[in-house]
Protein chains: 4
Amino acid sequence: MAALEAGKHVWCEKPMAVTLADAERMTAAAQASGKTAVLGYNYIQNPMIRQIGAILAEGTIGTVNHVRLEMDEDFMADPEAPFFWKNELAAGYGAIDDFGVHPLSLLQVLFGLPSRVFANLSKPYPDRPNREGGRRSVENWDVSSILFELGPEISGLMALSRTAWGRKGRIALQIFGSKGSIAYDQERLNELQLYVTTDKPSEQGFRTILSGPRHPPYDRFVPAAGHTLGFNDLKIIECHEVLRAIAGEPARVINFERGLQIERAVHAMGQSHREQRWLELS
Amino acid sequence: MAALEAGKHVWCEKPMAVTLADAERMTAAAQASGKTAVLGYNYIQNPMIRQIGAILAEGTIGTVNHVRLEMDEDFMADPEAPFFWKNELAAGYGAIDDFGVHPLSLLQVLFGLPSRVFANLSKPYPDRPNREGGRRSVENWDVSSILFELGPEISGLMALSRTAWGRKGRIALQIFGSKGSIAYDQERLNELQLYVTTDKPSEQGFRTILSGPRHPPYDRFVPAAGHTLGFNDLKIIECHEVLRAIAGEPARVINFERGLQIERAVHAMGQSHREQRWLELS
Amino acid sequence: MAALEAGKHVWCEKPMAVTLADAERMTAAAQASGKTAVLGYNYIQNPMIRQIGAILAEGTIGTVNHVRLEMDEDFMADPEAPFFWKNELAAGYGAIDDFGVHPLSLLQVLFGLPSRVFANLSKPYPDRPNREGGRRSVENWDVSSILFELGPEISGLMALSRTAWGRKGRIALQIFGSKGSIAYDQERLNELQLYVTTDKPSEQGFRTILSGPRHPPYDRFVPAAGHTLGFNDLKIIECHEVLRAIAGEPARVINFERGLQIERAVHAMGQSHREQRWLELS
Amino acid sequence: MAALEAGKHVWCEKPMAVTLADAERMTAAAQASGKTAVLGYNYIQNPMIRQIGAILAEGTIGTVNHVRLEMDEDFMADPEAPFFWKNELAAGYGAIDDFGVHPLSLLQVLFGLPSRVFANLSKPYPDRPNREGGRRSVENWDVSSILFELGPEISGLMALSRTAWGRKGRIALQIFGSKGSIAYDQERLNELQLYVTTDKPSEQGFRTILSGPRHPPYDRFVPAAGHTLGFNDLKIIECHEVLRAIAGEPARVINFERGLQIERAVHAMGQSHREQRWLELS
């Protein structure tokens, strides 16, 4: 906010803020400033995610009826890993804001955000060793299980875990439509699975599409397909989009306004867990 | 029930019955008869599912904290596939009793059934063409999204779809523990993924274990590993277990009593969906 | 041969014989008898191999220019596994007749046998422990590396190992044509990979086709796709084909005459290795 | 050579030169200059290739007895793709120098180069359309099939194709040892497959190791495992190594002297094909 007030453009790491009130203040400040204020959602920049968007837009898999999201890592999977700031309630709910915002950003660019959510947050390990000795209660939830709906037509689930041994950077996406299906896993971010019903019946199957120059802006990085973009290339694409936003060009970014919607979904999940009921999102 | 009354042993296809009252009557009849009365849950017979049980029992992946289940096929994925008996409410809720009972049977033999469930059932296609002309409203739910808990320690999700283009016989299982993880997919029923933390850090990864003579009763079918058992081999194992049950030997079967528990879980899901609240299972 | 002379039909395990002279005598005896005399090449019966044949016949991948074959198991991979009869020269060359005949049978039904071969046979372990104590020299070759041609148009390689740790029943096949490619691995015998150039450029990829009722005679075993046939199902299909052959119906079998061609290819490989030159096959 | 004579360090694209005489002159010039002269073999820089080296050095898979290499792309797979400079004999043999030098560079850093080779080069398409009209004969070989030995202990095969539809950047490597096996595919350059015999027998399987900070210098790019390095990251690592070489530090580079050995292997393959015999490499 200080940067915005100082007349600077702002590129802010996600999650936007721990409290919804802060996120709202930040959004208001951004709107007042007239400056570019965007969030660091880099996974939406993957050419394969853009390709999923193109496939959906062209109607290749028909009308979508069901979506599944998973995000898993294992950096908190060891029950004897010491308590640290991410285990404090002051750092947020845990998996949903630390992690869930990433799959939510994918939902946002592909479909828009959920219209309602139902969440069950859980603590695999109630306490962890303290660095200073003894043990300390874990204050937030490393695992989250969420049902959602994207309007009346699309049902979905989102599963998140920071304690999933063996998963290192998994963001899995499954999209089912009336004419086909899409599957994607961030651990193989250069691949996309597509099933369509227009192939000859005896030859139908999920196609493993390898990223390549046909999936812009891959072509700006390597001239040949199947040669692999990396995590940092997605960051470079993100930089480019941020610069386009600053230059007033159409840009693929999640600005504070849209980021605030993601925060609202996160807090609706938290509230749903507390109240054990569906929470509507306007 | 007629068979039981006639003094016959009974081997009954799943789901047990459409109504809970019928399932309860069948169970009472079985108990009264003193005969063997079991259900046709063949997937629990897969040597790889037994191997998962062994891995869990030996503590190889530690204490389990999270479980995910998926079951998907595409035989109702075409929105223009004609209305048939499985679309009638008289045939049950749809995905949860037609399908969900399979992953529930895996849960039952590995962990026991859920202690509570929260379900969201959905209809991808509100109506279908009638064979006699016109269209008819679909009466049950081809897609189901369920949260569950296995006691206070284990959270989970179960996703079911009969309209998942490209999925032909998927029953996917992910189990996360304090020392490792397990993943399994029925479309590759001769494989099992295991991640453990005891491997050297730079060499840790999910192992793809191929079924073989080390995973009984695979050894009764083929002497060499990696040569593939099929769906019908699982049925043969099931026959063998049914015969053992009849002979009074310890057998891996789901009898009517245990099958009734699965039905109770199914109906709790249906009720949870109607009442939009968590349903406890005793 | 005694069976043939006694007027019996004969179904004989592969390889046909250790020496070419024996294989020729067996073939002559079969021809003289007028009886059905076939070899137990079960892998050609896999519906997915038949599907590969259909894809080739329909020209879906155009004109084939290159083929790669691999067959690997690990039952001799332990250098301390004791010497046994399969290590004796009296049992044949080793990998090429114990193993190579399987991929050769696939070649035969898909393309016909090689027109010329060049082989390099190798011994990973020069000796093995004797069951009676001491060590004994291994007399044949557990690993074989072969170049071949299928007429002037198709080049190929075949790699065989009985000492390939981790491979349990791998028979991998890669076929490259002017319009597409096919890949297959026997460890996942219910899957087939197909790449065609007629898909939209941004959506091209290898399709993972799951075996199903569209791939006869899968439909005789399971009514739904993706439910997995096993090794023994292939044996059942083979039985059926043998019975058809006996009944005088068109049958997918490798009879002694065609089996003799496979033996000739094996012995040409052995001779090529000894003489370190290309061997032509008529 | 002009650059070397002008006292510059040289970083040269591979292949080194079309003729062996040129490569020798370049090497002599580099030696005379005292400058750093290295070749752009970027795939040896992949942390997963370094990890393979570490696994081999530690004896984790025992004594290696067999190696298989494949390199495939499809940029010449269309028979109607117009004739261009890479189809001219003046550009070299085709697949072996355009492509084969990459897998040879992996062999060189992991094992050293072959002690002898036997090659079969082939032309999938004898002619191609000329940009100026008509058709022109293809002068070199898009496909190559090679047998090799790495000393008396290790046999191997190398298969190369520029006409392999669907393969975009495949460099596949299989290494078999007395205690385990390694498999790798460049299209999934962040993964490594490792099979060891020390795992519990019922739980043995190929592990899919995801690249991460345990595999330096991955840690310089991303702090978390499984987040994917890309092609250009390997180029960055290569730059770093070239700079280290210039600074006189130990560096992982293939200098002109070692590059000349690769060229000698390539030309031995060409000669082997012409003379249809094994060619020894000193």
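Above this note sits the structure.
Criteria and cut-off values
Residues numbered from 1 in each chain as written. Chains lettered and ligands numbered in written order. Predicted model: local features only at pLDDT ≥ 70, side-chain atom pairs only at ≥ 80, totals over all residues. Heavy atoms only, no water. Helix = DSSP H or I, 4+ residues; strand = E, 2+ residues; numbered from the N terminus. Rg over C-alpha atoms; globule rule 2.2 N^0.38 Å. Buried < 20%, exposed > 50% of the residue type's maximum accessible area, 1.4 Å probe, protein only. Contact = heavy atoms within 4.5 Å. Areas by Shrake-Rupley, 256 points an atom, 1.4 Å probe, with all protein chains shown as cover. Lys, Arg positive; Asp, Glu negative; His and termini not counted. Charge placed at Lys NZ, Arg CZ, Asp CG, Glu CD. Pairing = 2+ DSSP bridges. 1 Å grid on protein atoms, 1.4 Å probe; cavity = no way out; pocket = protein on both sides within 12 Å on 5 of 7 lines; lining within 4 Å. Points joined across faces, edges and corners; volume = space filled by probe spheres on them. Nonpolar A, V, L, I, M, F, W, Y, C, P; charged D, E, K, R; others polar. Phe/Tyr/Trp six-rings, centres within 6.5 Å; stacked < 30°, edge-to-face > 60°. Lys NZ or Arg CZ within 6 Å of the ring centre and 35° of its normal. Least-squares fit on C-alpha atoms with pLDDT ≥ 70 in both. Expected span 1.5 Å × (residues − 1). Buried area = accessible area lost by both parts, 1.4 Å probe. Salt bridge = Lys/Arg side-chain N within 4 Å of Asp/Glu carboxyl O. Polar contact = N/O pair within 3.5 Å; in protein donor to acceptor, adjacent residues only side chain to side chain. Axes fitted to C-alpha atoms, helices over the stretch in contact; angles between N-to-C directions. Parallel < 35°, antiparallel > 145°, perpendicular 65-115°, else oblique. Left-handed = near helix turned anticlockwise from the far one by under 90°.

Enquirer: Can you walk me through the overall build of chain A in this structure?
Expert: Check the secondary structure of chain A and you find six helices and 14 strands. Over its C-alpha trace chain A gives a radius of gyration of 20 Å, about what one expects of a compact globule, namely 19 Å for 282 residues. Each principal axis of the C-alpha atoms in chain A carries an extent, and together these give about 60 × 45 × 40 Å. Buried residues in chain A amount to 64% of all 282 residues. Here the contacts in chain A between residues at least 6 apart in sequence split such that 70% fall between residues at least 24 apart. As displayed, chain A has an accessible area near 10,000 Å², and 52% of this comes from carbon and sulfur atoms. Looking at chain A, you have 30 positive and 34 negative side-chain charges, and the mean spots of the two groups are 2 Å apart.

Enquirer: Explanation requested: the sheet that holds strand S1 (residues 10-12) of chain C in the structure shown.
Expert: Pairing between sheet strands relies on hydrogen bonds along the backbone, with the strands arranged either parallel or antiparallel. All names here are of chain C. One open sheet holds the three strands; their spatial order is S1-S2-S13, and the pairing between them is mixed. The open sheet is flanked by S1 and strand S13 (254-255), the only strands paired with a single partner. Where S1 lies against strand S2 (residues 37-39), three bridges are found, and the strand directions are parallel. Paired with Val10 across the bridge in S2 is Ala37.

Enquirer: Could you clarify how one ought to interpret the layout of surface pockets in this entry?
Expert: Leftover empty space is mapped by rolling, across the atoms, a probe with the size of a water molecule. Reported here for the second largest pocket is a volume of approximately 760 Å³. What lines the second largest pocket is a set of 34 residues, and nearest its centre among them are Glu73(A), Pro223(D), Ala224(D), Ala225(D) and His227(D). Only helix H4 (95-110) and helix H5 (231-246) of chain A together with strand S12 (206-210) of chain D provide two or more residues apiece to the lining of the second largest pocket. At three residues, H4(A) tops the list of elements feeding residues into the lining of the second largest pocket. Counted by class, the lining of the second largest pocket contains 15 nonpolar, eight polar and eleven charged residues.

Enquirer: Can you walk me through the packing of aromatic side chains in this structure?
Expert: Here the distance between the centres and the angle between the planes together describe a pair of aromatic rings. All chains considered together, the criterion is met by 30 aromatic pairs over all chains. Three or more aromatic residues joined by ring pairs form one cluster here, namely Phe118(A), Trp278(A), Phe118(B) and Trp278(B). Positioned above the aromatic ring of Trp278(A) is the side chain of Arg116(A), whose terminal nitrogen or guanidinium carbon lies 3.8 Å from the ring centre. The positively charged end of Lys123(B) is found above the aromatic ring belonging to Trp141(B), 5.2 Å away from the centroid.

Enquirer: Just to check I follow, could you spell out the sheet that holds strand S13 (residues 254-255) of chain D for this structure?
Expert: Ordered in space as S1-S2-S13 (chain D), the three strands form an open sheet in which the pairing is mixed. Two strands bound the open sheet, and with one partner strand each, they are strand S1 (10-12) and S13 of chain D.

Enquirer: What is the right way to look at the relation of the copies chain B and chain A in this model?
Expert: Two chain copies here: they are related by a rotation about an axis and a translation along the same axis. The operation relating chain B to chain A is a screw motion whose rotation component is 180°, with 0.0 Å of axial translation and a residual RMSD of 0.0 Å. Expressed as a symmetry operation, the mapping of one chain copy onto the other fits a two-fold axis. Looking at the rotation axis and the C-alpha trace of chain B, the residue lying nearest is Arg277(B), at 3.3 Å. Here 100% of the contact residues of chain B are again contact residues in chain A; the copies associate through an equivalent surface.

Enquirer: What exactly am I supposed to notice about the relation of the copies chain D and chain C here?
Expert: Superposition of chain D onto chain C requires a rotation of 180° combined with a translation of 0.0 Å along the rotation axis, giving an RMSD of 0.0 Å. A share of 100% of interface residues in chain D that are also interface residues in chain C marks the association as one of identical surfaces.

Enquirer: Please explain unusual backbone geometry as it appears in this structure.
Expert: Negative phi is the rule for most residues except glycine; trans is the rule for most peptide bonds. Residue and element names in this part refer to chain A. For the peptide bond that leads from Lys14 to Pro15, omega is -5°, which places it in the cis range. One can find Pro15 in the loop between strand S1 (10-12) and helix H2 (20-33). Phi is positive for Gln276, close to 50°, though the residue is something other than glycine. Looking at where Gln276 falls in the secondary structure, it is placed in the loop between helix H6 (256-275) and strand S14 (279-280).

Enquirer: What is the right way to look at H6(A) in this model?
Expert: Every α-helix winds through 3.6 residues per turn, so residues three or four apart in the chain are directed the same way. Given a rise of 1.5 Å per residue, 20 residues ought to cover 28 Å, and the 28 Å separating the end C-alpha atoms of H6(A) matches this to within 8%. Of the residues one or two after H6(A), Gln276(A) is the one with positive phi, at around 50°.

Enquirer: Got a minute to help me understand the pairing of strand S3 (residues 64-72) of chain D in this structure?
Expert: Consecutive residues of a regular strand have side chains that alternate between opposite faces of the sheet. Residues and elements named next belong to chain D. By the criterion of burial, S3 is predominantly enclosed, with nine of the nine residues buried. With seven bridges joining them, S3 and strand S8 (residues 154-161) adopt parallel strand pairing. Following the sheet pairing, Glu70 is matched in S8 by Ala159.

Enquirer: I keep staring at the interface of chain B and chain A and nothing clicks. Help me out?
Expert: How big an interface is tends to be stated in terms of the accessible area lost upon association of its parts. Each partner contributes residues to the interface: chain B has 47 residues there, and chain A has 47 residues. Together, the buried faces of chain B and chain A total about 3,400 Å²; carbon and sulfur atoms form 53% of this surface. Contact with chain A buries surface across chain B, with Arg68(B), Asn120(B) and Trp165(B) losing the most and accounting together for 17% of the total. Applying the counting rule to chain B against chain A returns four salt bridges. At the boundary of chain B and chain A, one finds 22 residue pairs in polar contact (both at pLDDT 80 or more). At the level of secondary structure, the elements contributing two or more residues to the side of chain B that touches chain A comprise strand S3 (64-72), strand S4 (116-122), strand S7 (143-150), strand S8 (154-161), strand S9 (170-177) and strand S10 (180-185) of chain B. Residue contributions to the side of chain B that touches chain A peak at seven residues, all from S8(B).

Enquirer: What is the right way to look at the packing of helix H4 (residues 95-110) of chain B against helix H6 (residues 256-275) of chain B in this model?
Expert: Between two packed helices, the angle of one axis relative to the other and the distance separating the axes together describe the packing. All names here are of chain B. It is the contact of H4 with H6, at a shortest axis distance of 10 Å, that shows an interaxial angle of 125°. Taken together, the axes of H4 and H6 lie oblique to each other. You can see that H4 and H6 cross each other, and the crossing is right-handed. Mapping the contact onto sequence places Ile96, Asp97, Val101, Leu104, Ser105, Gln108 and Val109 in H4 and Arg258, Gln261, Ile262, Glu263, Ala265, Val266, Met269 and Gly270 in H6. When its residues are assigned to classes, the contact of H4 with H6 shows eight nonpolar, four polar and three charged.

Enquirer: Sorry if this is basic, but what is going on with the packing of helix H3 (residues 47-57) of chain B against H4(B) here?
Expert: All names here are of chain B. Viewed as axis vectors pointing N to C, H3 and H4 meet at an angle of 35°, and their least axial separation amounts to 10 Å. At the point where H3 passes H4, the crossing takes the right-handed sense. Where H3 abuts H4, its residues Ile49, Ile52, Gly53 and Leu56 lie against Leu106, Val109 and Leu110. Looking at the contact of H3 with H4, its residues break down into six nonpolar, one polar and no charged.

Enquirer: Can you help me understand H4(B) in this one?
Expert: All names here are of chain B. For H4, spanning 16 residues, the distance from its first C-alpha to its last is 22 Å, which sits close to the expected 22 Å at 1.5 Å a residue. For H4, the tally of buried residues reaches 15 of 16 residues, placing the bulk of the element in the interior. Directly beyond the C-terminal end of H4, a positive phi value near 95° is found at Gly112.

It is worth stressing that arrangement in space is one thing and function is another; only the former is reported here.
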